[in-house]
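# Descriptive analysis of the structure
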Amino acid sequence: MTDSITPVGNLKAQVRKFVDERNWNQHHSPKNLVMSIAIEAAELMEVFQWQTTDTAWKVKDSESIAAVQDELADVMIYCLALANQLDIDITEVIGEKMERNQRRFPPTTKLRSEL
């Protein structure tokens, strides 16, 4: 699976199946999932704690990338689980939010393709 060929719905289904097989829905209240997202996000931040901006960019080429990948995956899994529990269509809400962001933050430069 890669980002370029995997629909978000497939990821949500994979998370739903995993949760269902373990009977975890009883624990996956919106409150618990949001708390879990924040906890995992804090663990992701910990990877970068005390780094300068320059050294943070070098994480791609360091042993720390595995920790970044694991923690980012945890955040995303909990986000997908929350979307499942609240019947949120991720693609729809991201599209709507990006449209609002486009109006709120108009481009400051032209893209190379527009030149």
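Our structure is the block above this text.
This text gives an overview of the structure that appears in the document. (Residues numbered from 1 in each chain as written. Predicted model: local features only at pLDDT ≥ 70, side-chain atom pairs only at ≥ 80, totals over all residues. Heavy atoms only, no water.)

To continue, consider the pattern of salt bridges. One pass over the full model with this rule turns up 2 salt bridges. Here Glu21 and Arg22 are joined by a salt bridge, their closest N and O atoms 3.4 Å apart. Owing to a relative accessible area of 52%, Glu21 belongs among the exposed residues under this scheme. Judged by relative accessible area, which is 36%, Arg22 ranks as partly exposed. (Salt bridge = Lys/Arg side-chain N within 4 Å of Asp/Glu carboxyl O. Buried < 20%, exposed > 50% of the residue type's maximum accessible area, 1.4 Å probe, protein only.)

A few words now on the layout of surface pockets. In this model, the largest pocket occupies a volume close to 700 Å³. Taken together, 22 residues line the largest pocket, and the ones lying closest to its centre are Leu11, Ala73, Met76, Ile77 and Leu80. Every element with two or more residues in the lining of the largest pocket is listed here: helix 1 (8-21), helix 4 (65-85) and helix 5 (90-104). Residue contributions to the lining of the largest pocket peak at 8 residues, all from helix 4. For the lining of the largest pocket, the per-class residue count stands at 16 nonpolar, 4 polar and 2 charged. (1 Å grid on protein atoms, 1.4 Å probe; cavity = no way out; pocket = protein on both sides within 12 Å on 5 of 7 lines; lining within 4 Å. Points joined across faces, edges and corners; volume = space filled by probe spheres on them. Helix = DSSP H or I, 4+ residues; strand = E, 2+ residues; numbered from the N terminus. Nonpolar A, V, L, I, M, F, W, Y, C, P; charged D, E, K, R; others polar.)

Taken together, the side chains of Val93, Ile94 and Met98 define a hydrophobic patch exposed on the protein surface, amounting to about 270 Å² of accessible area. With respect to the helices and strands, Ile94 occurs in helix 5. (Patch = residues over 30% accessible without salt bridge, like charges linked within 9 Å, V, L, I, M, F, W, Y side chains within 5 Å. Areas by Shrake-Rupley, 256 points an atom, 1.4 Å probe, with all protein chains shown as cover.)

As a further point, take a negative patch on the surface. Together, Asp89, Glu92, Glu96 and Glu99 give the surface a local cluster of negative charge. Structurally, the position occupied by Glu99 is in helix 5. By relative accessible area, which is 51% here, Glu99 ends up exposed. (Lys, Arg positive; Asp, Glu negative; His and termini not counted. Charge placed at Lys NZ, Arg CZ, Asp CG, Glu CD.)

To continue, consider the packing of helix 2 (residues 30-48) against helix 4. Two numbers describe how helix 2 lies on helix 4: the axes approach to 9 Å, and their chain directions differ by 165 degrees. Between helix 2 and helix 4, the angle is such that the two are roughly antiparallel. With respect to the hand of their crossing, helix 2 and helix 4 are arranged in left-handed fashion. Packed against helix 2, whose contacting residues are Pro30, Leu33, Val34, Ser36, Ile37, Glu40, Ala41, Glu43, Leu44, Val47 and Phe48, the element helix 4 presents Ala67, Val68, Glu71, Leu72, Asp74, Val75, Tyr78, Cys79, Ala81, Leu82 and Gln85 at the interface. Of the residues that constitute the contact of helix 2 with helix 4, the class distribution is 16 nonpolar, 2 polar and 4 charged. (Axes fitted to C-alpha atoms, helices over the stretch in contact; angles between N-to-C directions. Parallel < 35°, antiparallel > 145°, perpendicular 65-115°, else oblique. Left-handed = near helix turned anticlockwise from the far one by under 90°. Contact = heavy atoms within 4.5 Å.)

Enumeration over the complete set of coordinates arrives at 1 aromatic pair. An angle of 75 degrees between the planes, with centres 5.5 Å apart, marks the rings of Phe18 and Trp24 as edge-to-face. The residue whose ring lies beneath Arg22 is Phe18, and the NZ or CZ to ring-centre distance is 3.5 Å. (Phe/Tyr/Trp six-rings, centres within 6.5 Å; stacked < 30°, edge-to-face > 60°. Lys NZ or Arg CZ within 6 Å of the ring centre and 35° of its normal.)

Right, let's get into helix 5. Compared with the 21 Å implied by 1.5 Å per residue over 15 residues, the 21 Å span of helix 5 between its first and last C-alpha is a close match. Two or three places before Thr91, at the opening of helix 5, Asp89 has a side-chain oxygen 3.2 Å from that residue's backbone nitrogen. (Expected span 1.5 Å × (residues − 1). Polar contact = N/O pair within 3.5 Å; in protein donor to acceptor, adjacent residues only side chain to side chain.)

Now for unusual backbone geometry. Of note in this structure, Asn23 is not a glycine but carries a positive phi near 55 degrees. Counting through the fold element by element, Asn23 comes out in the loop between helix 1 and helix 2. Backbone geometry at Asp87 places phi at a positive 55 degrees, although glycine is not the residue there. Looking at the secondary structure, you find Asp87 in the loop between helix 4 and helix 5.

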